[in-house]
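Secondary and tertiary structure notes
The lines below spell out each chain.
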Amino acid sequence: MVLPLSLPTSRVPDPATAPPLNWGILAPGWIAHMFASALRMSTRQRLAAVGSRSPERGRAFADEFGIARVHTSYADLVADPEVDVIYVASPHSEHAEQALLAIEAGKHVLVEKAFARNAREARRVVVAARRRQVAVMEAMWTRFLPRTDIVRQLLADGALGTIETVTADHGQLLPADQVPRLHDPILAGGALLDLGIYPVSFAAFALGIPGAVVATGALTPTGVDRQAAALLTRFANNPNAQALVSCTLAAKTPTTASISGTLGRIELDGEFYAPGRVRLVAPSGESITSAPPELYAHQGLAYEAAHFAQLVSDGFTESPQMPLDETVAIMEVLDSIRAQLKVRFPGE
């Protein structure tokens, strides 16, 4: 491989250029705080309303972000005529039902990852969205970051040759006494849906959906997955390739990712799923690195919000960068991993 003088330039627009929509925040937890902060700092999107079953939490969130209306029921939030888009930021166990509630109210919906507890629930949401002809998208923010677009261009140009191996890990130290929801099977806790979704989605981005999944792992005392690792193989367009993905609630891992091919490799330093640089490495060890990001950490959530706002404003109902069929297929991979770990949530 002869390294280029520079890497491709990201084609991702400045989030501030997206047409402003009125957003309703459903469930004002931690990720909703990160999302609202990113919208307020880096976009023209308007935070119009918040819905919370706790009036105190809803009012505190509204005061923090200058939101005019607080709804104490999700039904009232999705019925709010001043709201264009609902952002579902509740635990995984609630995603499908709350997305369906918003869809039936005729609202466009951005659903936090993982999209649902399982593929069956995800399909219900997709069918409803297509029937109502509203825009729905999984909030897999990594897909919309500038460095992801650099990787997208390198892959499209064949810069790596034939891809042979993809690796990605995501581990955070999240004990039960600090993040109880992730250890609660009723809330669809565990490492996989919260953390493992990133490596699995990254593998799908690089290689497509695997035809075979072999998984192993360990459970918490409450019966959710403490950690998981999987080998993904039999990709339709690249039958010799493999992806190695892992996640854990029990340790802070490097959270890096790589795509290795016959002509070179791409490396994404941690946190690979967040804004950062792209490094292209030749077999000789020579490398070239992209410029630093303009937005850091969770401020990068502005890109997915802007993408979705542009999508809605342009009259589209599905994102070409995170298609609903791919979201469902990724959920099927997660289902397979959970089944091999013998993790089943109440009500499934």
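Just so it is clear, the model here is predicted, and its values are computed rather than measured.

With respect to helix α1 (residues 30–42)
The end-to-end C-alpha distance of α1 is 18 Å, a good match for the 18 Å that 13 residues give at a rise of 1.5 Å each. Of the residues making up α1, those classed as buried are Ile 31, Ala 32, Phe 35, Ala 36, Ala 38, Leu 39 and Ser 42. For α1, the angular spread of the buried residues around the axis is 165°, confining them to a single face. Facing away from the buried side of α1, by more than 90 degrees, are the exposed residues Trp 30, Arg 40 and Met 41. Summarising the contacts, the buried residues of α1 are in contact with β1 (22–26), β2 (46–51), α2 (55–65), β4 (85–88), β5 (108–112) and α8 (301–313).

Notes on the side chain of Asp 80
Along the chain, Asp 80 turns up in the loop between α3 (74–79) and β4. A relative accessible area of 4% means that Asp 80 is categorised as buried. Only 2.8 Å separates the side chain of Asp 80 from the side chain of Arg 69, close enough to count as a polar contact. With residues near it in sequence (within four places) discarded, Asp 80 still touches Ala 49, Arg 69, His 71 and Lys 107.

Regarding the sheet that holds strand β3 (residues 69–71)
The parallel open sheet is built from 6 strands, whose spatial order is β3-β2-β1-β4-β5-β6. The open sheet terminates on both sides in strands that have one partner only, identified here as β3 and β6 (136–139). Neighbour-to-neighbour, the strand axes of the sheet open up by a mean angle of 25°, direction not taken into account. Pairing between β4 and β5: 4 bridges, direction parallel. From the neighbouring strand, Val 88 faces β5, where its bridge partner is Val 111.

As for the pattern of salt bridges
With the rule as written, the count across this model stands at 18 salt bridges. Between Glu 121 and Arg 117 there is a salt bridge, with the nearest N and O atoms lying 2.8 Å from each other. Across this residue pair, the class does not change: Glu 121 and Arg 117 are buried. Close ionic contact of Glu 267 with Arg 279 constitutes a salt bridge, the shortest N to O distance being 2.7 Å. Of this pair, Glu 267 sits in strand β12 (residues 265–268) while Arg 279 sits in strand β13 (residues 279–281), placing them 12 residues apart in sequence. On the basis of relative accessible area, Glu 267 is assigned to the buried category, the value being 18%. A single network of salt bridges, built from pairs that share partners, joins Arg 265, Glu 267, Asp 269 and Arg 279.

Considering the environment of Asp 225
Counting through the fold element by element, Asp 225 comes out in strand β9 (residues 225–233). When the C-alpha positions of Asp 225 and Leu 193 are compared, they lie 9.4 Å apart, and in sequence the two are 32 residues distant. Beyond its immediate sequence surroundings of up to four residues, Asp 225 is in contact with Gly 189, Gly 190, Ala 191, Leu 192, Ala 218, Leu 219, Thr 220, Leu 249, Leu 341 and Val 343. A polar contact is formed between the side chain of Asp 225 and the backbone nitrogen of Leu 192, at a distance of 2.6 Å.

Topic: the nonpolar core
Counting 123 residues, the largest nonpolar core has Trp 23, Val 136 and Ile 337 as the members making the most contacts within it. At 13 residues, the largest contribution of residues to this core is made by helix α7 (residues 191–207). Apart from the residues within four sequence positions on either side, Ile 337 is in contact with Leu 192, Val 200, Val 213, Ala 215, Ala 228 and Ala 230.

Thoughts on the sheet that holds strand β7 (residues 163–171)
Strand order across the open sheet formed by 8 strands is β8-β9-β10-β7-β11-β12-β13-β14, with mixed pairing between neighbours. The sheet terminates laterally at β8 (212–219) and β14 (287–289), the two strands that pair on one side only. Adjacent strand axes in the sheet meet at a mean angle of 10°, parallel and antiparallel pairs treated alike. Both β7 and strand β10 (residues 242–248) contribute to a ladder of 7 bridges, which runs parallel. Across the sheet, the residue bridging to Val 166 is Ala 243, located in β10. Sheet strands in contact with helix α6 (residues 146–156) are β7, β11 (257–261), β12 and β13, and its direction is about 170° off that of β12.

Each value, and the rule that gives it
Residues numbered from 1 in each chain as written. Predicted model: local features only at pLDDT ≥ 70, side-chain atom pairs only at ≥ 80, totals over all residues. Heavy atoms only, no water. Helix = DSSP H or I, 4+ residues; strand = E, 2+ residues; numbered from the N terminus. Expected span 1.5 Å × (residues − 1). Buried < 20%, exposed > 50% of the residue type's maximum accessible area, 1.4 Å probe, protein only. Arc of directions from axis to C-beta. Contact = heavy atoms within 4.5 Å. Polar contact = N/O pair within 3.5 Å; in protein donor to acceptor, adjacent residues only side chain to side chain. Pairing = 2+ DSSP bridges. Axes fitted to C-alpha atoms, helices over the stretch in contact; angles between N-to-C directions. Salt bridge = Lys/Arg side-chain N within 4 Å of Asp/Glu carboxyl O. Core = buried A, V, L, I, M, F, W, Y, C linked by side-chain atoms within 4.5 Å.

By themselves, these observations are geometric and do not establish any function.
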